[in-house]
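# Residue-level structural notes
Here's the letter readout for the chains.
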Amino acid sequence: MGMQAERRWSAWVNGSEYAGTGGRLFDVEEPAVGRTLAQVVKLNEEDVGYAVGVASGAFEDGRWANVSATARGKALLKLAQRIRDSARNLAELETRQVGKPISDAYDEVMTAADCFEFYAGAANKVHGHTIPVSAPGLDYTLRVPVGVVALIVPWNFPFLITAWKVAPALAMGNSVIVKPASLTPITALILGPLAQAAGVPDGVFNVITGPGREVGEALVKDPRVDKIAFTGETSTGSRILQLAAADIKRVSLELGGKSPTIVFADVDVDRVAQLTVQSAYANGGQDCCARSRVLVHESIAEEYQESLVEHARRLKIGDPLDPDVQMGPLVSAAHRQRIQAFIRDGVAEGAQLVLDPQTIDLPEAGHYLGPAVFVKPPDDARIVREEIFGPVTTVQTFRTEDEAIRLANATDYGLSGSVFSRDLGQALRVAHRVRSGTMSVNSIKSVHLESPFGGFKKSGLGRELGVEALDLYTEVKNVFVGLD
Ligand code: NDP
């Protein structure tokens, strides 16, 4: 284990390793130690054109789209098993490229296998309708694949988010091109040979590597690409939507978040503080669903804040390959600097830093940053409005249910959130009035493979996961047969 990472990685096109035409490479770093982990092929626009041609050819000749849905499902079941068989290796590589704790990485790889199984089972359960139209005849609908789909993935959950997109796209018979984030391309590349071994025909599943600005944009602009599914920053999503407009491409977007946790006065305060730590600092806060914005009833604010700081201080931070570690380093030096700048801004804008990450003992090498807690931030502070994407929480107080909802909705984002209250009527009223794609009541769990996931407002467009994701990867075709 481990040795496999210390080598050169090629892209995966047409069922084999592809080194591109430019002879360029880029480094992938191991954030826990700040050293190069691997070198990966940096493709160019011409290479993207080649990969799209391959995927397009594979779609046109029907080598996958015309295979029976049952057979496609069986191949995806095999792929799930191959992922489980490689889970330890995949998890170790994920940990080494992202810096996330190995226990989390292992869970994510196993959940990715579950995701392939879910959509394997769905493949032959998607069907059309017969419709009683007014003209004499038979009218029915078919659900057909969209064609060539480009799947663009971020660095925070590289393997899992790849699975969320690839599994339904393949289940529905599309040809796929994955573009992983340049900080974390390795685990997606391993999926190439695993898909091949599971019986996915060559050319149907491809992975291309290189900078988003160059390789990602070339993919988005290629007229032979029919659909783009993107997860990443809101500004990148907006750019992709504009580029896709030229060809009326189908686009789905999973973007940023600034999710609230709303805490009413009747809860077990210590328990909620403990859950807040899990929901705000897991994956170092580099999570689109991170509950980084706490709104707490003023009558329990002091008790809650003390408890939150105490639990955050107890987080075990260190080598992410240690199975007991709960928080590893951040993904890169640049990302840590960005978050440190947010913390300085928060202090300058008048928020009180009641847990200063500089008071936490951390390993010397690597891009570590301890947890931060701010209280009493001004309502318009940057740390309250913008997605920080790191281990920083803000705590604001409210007096009434209406005020809590107003504060919760005072953001451009609308991805997820939690509400804690023993009064179920109150909890559900709040859950329904917060403008976000998912809400958890007395829980921090917001993502389930079986349920739709996606954002309101600037958090995105469309719903992934659940049976809803199948809509993203199919077109509805209507057929009328005249019988007179
Ligand atoms: P980015 O938007 O920077 O990058 C995401 C992906 O897009 C990467 O593969 C990147 O490639 C590529 N890319 C960058 N620029 C372009 C472009 N102009 N055209 C096409 N592709 C491009 O996001 P991050 O990787 O920084 O991810 C963090 C963000 O993702 C956060 O905002 C977070 O909230 C969001 N996110 C949302 C989730 C959701 O489900 N709503 C889930 C997880 C994260 P490269 O790496 O080479 O630049």
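Heads up: the structure comes first, above all this text.
The structure contained in this document is the topic of the report that follows. Predicted model only: the values in this text are computed from it and were never measured.

Taken together, seven strands build an open sheet; the order of strands is E15-E16-E17-E14-E13-E19-E20 and the sheet is mixed. Bordering the open sheet on either side are strand E15 (352-355) and strand E20 (440-441), each of which pairs with just one other strand. Bridge count for strand E13 (residues 260-263) against strand E19 (residues 418-420) is three bridges, and the pairing is parallel. Counterpart to Thr261 in the pairing with E19 is Ser418.

Moving on, we come to the pattern of salt bridges. Inspection of the entire model under this criterion finds 22 salt bridges. A salt bridge links Glu217 to Arg239; the nearest nitrogen and oxygen atoms lie 2.8 Å apart. With Glu217 in helix H7 (residues 212-221) and Arg239 in helix H8 (residues 234-245), this residue pair connects regions lying 22 residues apart in the sequence. Residue classification places Arg239 among the partly exposed positions, given a relative accessible area of 31%. Between Glu310 and Arg314 there is a salt bridge; the shortest N-O distance is 2.6 Å.

This paragraph deals with helix H9 (residues 269-281). The terminal C-alpha atoms of H9 lie 18 Å apart, and with 13 residues this matches the ideal 18 Å at 1.5 Å per residue to within 8%. Of all the positions in H9, only Val269, Val272, Ala273, Leu275, Thr276, Val277, Ser279, Ala280 and Tyr281 are classed as buried. After H9 finishes, the residue Asn283 shows a positive phi value of roughly 55 degrees.

Ser182, Thr236, Leu255, Cys288 and Glu387 are the nearest of the 29 residues found near the ligand. One nitrogen or oxygen atom from the main chain of Glu233 is found 2.9 Å from an oxygen atom belonging to the ligand. Burial of the ligand by the protein chains amounts to 90% of its free accessible area of 910 Å². Elements with a minimum of two residues in the shell around the ligand: H7, strand E11 (227-231) and H8. It is H7 that contributes the most residues to the shell around the ligand, three residues altogether. Residue composition of the shell around the ligand, by class: 15 nonpolar, nine polar and five charged. Split by domain, the residues of the shell around the ligand number at least three in each of domain 1 (8-255 + 459-480) and domain 2 (260-448).

Each value, and the rule that gives it
Residues numbered from 1 in each chain as written. Predicted model: local features only at pLDDT ≥ 70, side-chain atom pairs only at ≥ 80, totals over all residues. Heavy atoms only, no water. Pairing = 2+ DSSP bridges. Helix = DSSP H or I, 4+ residues; strand = E, 2+ residues; numbered from the N terminus. Salt bridge = Lys/Arg side-chain N within 4 Å of Asp/Glu carboxyl O. Buried < 20%, exposed > 50% of the residue type's maximum accessible area, 1.4 Å probe, protein only. Expected span 1.5 Å × (residues − 1). Near = heavy atom within 4 Å. Polar contact = N/O pair within 3.5 Å; in protein donor to acceptor, adjacent residues only side chain to side chain. Areas by Shrake-Rupley, 256 points an atom, 1.4 Å probe, with all protein chains shown as cover. Nonpolar A, V, L, I, M, F, W, Y, C, P; charged D, E, K, R; others polar. Domains from an automatic or database assignment.

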